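# Fold and geometry: a report
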Amino acid sequence: MPEREPLAGGVDDVDEVTRAVLTASRLLVSVCARSLSAVEERVTLPQFRMLVALSTRGATNLVTLAELLHVAPSTAMRMVDRLIAAGLADRQTNPDNRRETLLRLNEEGRRTVQEVMARRRAEIVAIVERLGPQQRSALIGALTAFNEAGGEPSAAAADDTEPYHLGWTDAELGQEA
């Protein structure tokens, strides 16, 4: 790979920064795909996003789930049917409204989310460990600023027991900030 000349005047070149971010996003998409490889026979990436949504929200009705994932309710229903057939989720009657069905993860679904996220974290740790201390520090600063500019909430710490965020702001999730 050819070495690039340093940016004249610092990192003010929006195109250069954009290309670096796009390259990093390609790496992260690859990490995400590999983290799903052990369950890819049962779960697609969109279905995994649904598992994460159910992990984050708990029992959820179909319309809310479709809105969270930005898909049509009919698409969400097909995804739910596949997750139920794969033994990762189930339906239950809403105890507060017997006409409404709630969708939720079962134990196997929770275990699947935890395992995929653990594999993802381990692969990212391996990449970060290849960086020197100054590079790590610079990366923290740059990614924190980038995430804040994009309105992205911080990821959970390794020992955090809270559910994983989908990557949408609390306002988009319909929650109080």
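Details of the structure are given in the entry above.
Report follows, based on the coordinates.

Rules of the game
- Residues numbered from 1 in each chain as written.
- Predicted model: local features only at pLDDT ≥ 70, side-chain atom pairs only at ≥ 80, totals over all residues.
- Heavy atoms only, no water.
- Helix = DSSP H or I, 4+ residues; strand = E, 2+ residues; numbered from the N terminus.
- Contact = heavy atoms within 4.5 Å.
- Areas by Shrake-Rupley, 256 points an atom, 1.4 Å probe, with all protein chains shown as cover.
- Pairing = 2+ DSSP bridges.
- Axes fitted to C-alpha atoms, helices over the stretch in contact; angles between N-to-C directions.
- Core = buried A, V, L, I, M, F, W, Y, C linked by side-chain atoms within 4.5 Å.
- Buried < 20%, exposed > 50% of the residue type's maximum accessible area, 1.4 Å probe, protein only.

## What to know about the overall build of the chain
Helix and strand counts for the chain stand at seven helices and three strands. Counted from the first residue to the last, the chain has its helices and strands arranged as α-α-β-α-α-β-β-α-α-α. Expressed as a percentage of contacts within the chain between residues at least 6 apart in sequence, the contacts between residues at least 24 apart total 55%. For the chain, the exposed area adds up to about 12000 Å²; of that, 55% sits on carbon and sulfur atoms.

## Let's talk about the sheet that holds strand β1 (residues 60-61)
Here we have three strands laid out as an open sheet, ordered β1-β3-β2, and antiparallel in their pairing. Both outer strands of the open sheet, β1 and β2 (89-94), are each paired with one neighbouring strand and no more. In this structure, β2 lies alongside strand β3 (residues 97-105), joined through six bridges in antiparallel fashion. Following the sheet pairing, T93 is matched in β3 by T101. Against the sheet, helix α2 (residues 45-57) touches β1 and β3, its axis set at about 115° to β3. Docked against the sheet, helix α4 (residues 73-85) engages β2 and β3, running at close to 115° with respect to β2.

## Quick look at the nonpolar core
Considering soluble globular proteins, one finds that nonpolar side chains tend to be buried as a cluster. In this structure, F48, M50, L51, L65 and V113 are the most contacted members of the largest nonpolar core, which totals 24 residues. Among the secondary structure elements, those contributing two or more residues to this core are α2, α3 (62-69), α4, β3 and α5 (107-129). Here this core takes six residues from α2, the largest share from any one element.

## Some remarks on unusual backbone geometry
Not every positive phi belongs to a glycine, and H70 is a case in point at roughly 60°. Counting through the fold element by element, H70 comes out in the loop between α3 and α4. H70 sits in the exposed class, given a relative accessible area of 55%.

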